[in-house]
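# Structural overview
Residue strings, one per chain:
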Amino acid sequence: MSKIIAVTNQKGGVGKTTTSINLSACIAAAGKRVLVVDADPQGNASSGLGFKPEKETPTFYEVIAGEASAESAIVKTPVSTLFLLPSDIRLAGAEIELAGIDSRESIFASVLRPLREQYDFIFIDCPPSLGLITVNTLCAADSVLIPIQCEYYALEGVSALMGTVQKVQKINRHLAIEGIILTMLDARTNLGIQVAKEVRRFFKTRVYTTVIPRNVRLGEAPSHGLPIHLYDSRSLGAQSYEQLAQEFLKANQ
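If you're wondering where the values come from, they're calculated on a predicted model, not measured in any experiment.

### Brief notes about the overall build of the protein chain
A tally of regular secondary structure across the protein chain gives 12 helices and eight strands. Expressed as lengths along the three principal axes of its C-alpha atoms, the size of the protein chain is roughly 50 × 40 × 35 Å. Considering the protein chain as a whole, with its 253 residues, one finds that 53% of them fall into the buried category. Taking contacts inside the protein chain between residues at least 6 apart in sequence as the whole, the part at least 24 apart equals 78%. With 25 positive and 25 negative side-chain charges, the protein chain shows a spacing of 8 Å between the two charge centroids.

### Here's the deal with the packing of helix α1 (residues 16–29) against helix α12 (residues 236–251)
For any two helices packed against each other, one specifies the inter-axial angle together with the distance between the axes. Between α1 and α12, the shortest axis-to-axis distance is 8 Å and the interhelical angle comes to 70 degrees. Overall, the two elements α1 and α12 adopt an arrangement that is roughly perpendicular. The crossing of α1 and α12 is right-handed. Residues Thr 18, Thr 19, Asn 22, Leu 23, Cys 26 and Ile 27 of α1 lie in contact with α12, whose contacting residues are Tyr 241, Glu 242, Leu 244, Ala 245, Phe 248 and Leu 249. Broken down by class, the residue content of the contact of α1 with α12 amounts to eight nonpolar, three polar and one charged.

### Regarding the environment of Glu 54
Structurally, Glu 54 is set in the loop between α2 (44–48) and α3 (60–64). For the pair formed by Glu 54 and Ala 65, sequence separation is 11 residues and the distance between their alpha carbons is 18 Å.

### Observations concerning a nonpolar patch on the surface
Where nonpolar side chains cluster on the molecular surface, the patch consists of Tyr 152, Tyr 153 and Leu 191 and spans about 360 Å² of accessible area. As for its placement among the helices and strands, Tyr 153 is situated in the loop between β6 (143–149) and α8 (158–168).

### A few points about the pattern of salt bridges
All told, the structure shown has 10 salt bridges when counted by the stated rule. Arg 90 is the partner of Asp 88 in a salt bridge, and the nearest nitrogen-oxygen pair spans 2.8 Å. Glu 198 is the salt-bridge partner of Arg 201, the closest N and O atoms lying 2.8 Å from each other. One end of the pair, Arg 201, and the other, Glu 198, are both in helix α9 (residues 190–203), three residues apart, so they sit about a helical turn from each other. According to the relative accessible area criterion, Arg 201 is exposed, its value standing at 52%. If you follow the salt bridges from partner to partner, you end up with Lys 16, Asp 40 and Asp 125 in one network.

### Considerations on the layout of surface pockets
In this structure, the largest pocket occupies an estimated 250 Å³ of space. Lining the largest pocket are 19 residues, with Gly 15, Lys 16, Thr 17, Thr 18 and Asn 44 positioned closest to its centre. Here the lining of the largest pocket is composed, by residue class, of nine nonpolar, eight polar and two charged. Put simply, the second largest pocket is a space of about 210 Å³. Lining the second largest pocket are 13 residues; nearest its centre among them are Thr 18, Met 184, Asn 215, Leu 218 and Gly 219. Broken down by secondary-structure element, the contributors of at least two residues to the lining of the second largest pocket are α1, β7 (176–185), β8 (207–213) and α10 (216–220).

### Description of the nonpolar core
Ranked by internal contacts, the top residues of the largest apolar core, which has 54 residues, are Leu 35, Phe 60 and Phe 108. When residues of this core are assigned to their parent elements, the largest contribution, six residues, is made by helix α7 (residues 132–140).

### Quick word on the sheet that holds strand β5 (residues 121–125)
Strand order in the open sheet formed by eight strands is β3-β4-β2-β5-β1-β6-β7-β8, with mixed pairing between adjacent strands. Looking at which strands have only one partner, the edges of the open sheet turn out to be β3 (75–76) and β8. Those strands touched by α1 are β1 (3–7), β2 (34–38), β4 (82–85), β5, β6 and β7, and its axis lies near 165 degrees from that of β5. In the packing of α9 onto the sheet, contacts are made with β6, β7 and β8, and the angle to β7 comes to roughly 170 degrees.

Conventions used here
Residues numbered from 1 in each chain as written. Predicted model: local features only at pLDDT ≥ 70, side-chain atom pairs only at ≥ 80, totals over all residues. Heavy atoms only, no water. Helix = DSSP H or I, 4+ residues; strand = E, 2+ residues; numbered from the N terminus. Buried < 20%, exposed > 50% of the residue type's maximum accessible area, 1.4 Å probe, protein only. Contact = heavy atoms within 4.5 Å. Lys, Arg positive; Asp, Glu negative; His and termini not counted. Charge placed at Lys NZ, Arg CZ, Asp CG, Glu CD. Axes fitted to C-alpha atoms, helices over the stretch in contact; angles between N-to-C directions. Parallel < 35°, antiparallel > 145°, perpendicular 65-115°, else oblique. Left-handed = near helix turned anticlockwise from the far one by under 90°. Nonpolar A, V, L, I, M, F, W, Y, C, P; charged D, E, K, R; others polar. Patch = residues over 30% accessible without salt bridge, like charges linked within 9 Å, V, L, I, M, F, W, Y side chains within 5 Å. Areas by Shrake-Rupley, 256 points an atom, 1.4 Å probe, with all protein chains shown as cover. Salt bridge = Lys/Arg side-chain N within 4 Å of Asp/Glu carboxyl O. 1 Å grid on protein atoms, 1.4 Å probe; cavity = no way out; pocket = protein on both sides within 12 Å on 5 of 7 lines; lining within 4 Å. Points joined across faces, edges and corners; volume = space filled by probe spheres on them. Core = buried A, V, L, I, M, F, W, Y, C linked by side-chain atoms within 4.5 Å. Pairing = 2+ DSSP bridges.

Nothing here speaks to function; it is geometry throughout.
The following block contains the structure:
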């Protein structure tokens, strides 16, 4: 049975989608069968894995609306054992529509439950907010992966996220913190190094040893619809996500 991991941080621009794409791709490249669920209406995880939406193509929105099965909406990606349940702007309406449904916080869990037997890991890329979509994701997940950028105000909003996690744990008692990923480190600056130390002091052993650096190639890869290890395997970004994948897999043996 697969493990479902919510990749989330209410603060935007922290490398959340970059991590969802590249960590899952490197884990798949290591021999695991992985599904990425794009739960962000911006659809960046989908486009970053080469998905181009069309009106007749079912997405995660049609799945949670009961208009399509999850299996019919899942598409292949450039990595043979990595699959995608895509989203686009259609998902934006789900926040309002879910509000009027009974047991609205458990819709995602019921949709994803039948998929557990088909994958080793399911990563859900969350929107940068703590709205109903994110709460739904946390109720469906086994654990939470939190990217935090090595910049000023890095911990801003994290306390609110942790508070939401604690509230969701009353519904989903098994929800745990998978880990904290330090992203966008510029090792040339004292600020980045100081922020990394502060995050490690705050979260202690929950922080991964691997740090994701600022890297131009990481920014370029999504425009080509490729994860970084296929776009430029020799780049520092690719090497970092491959190391993170190995660290993740070792913790999940």
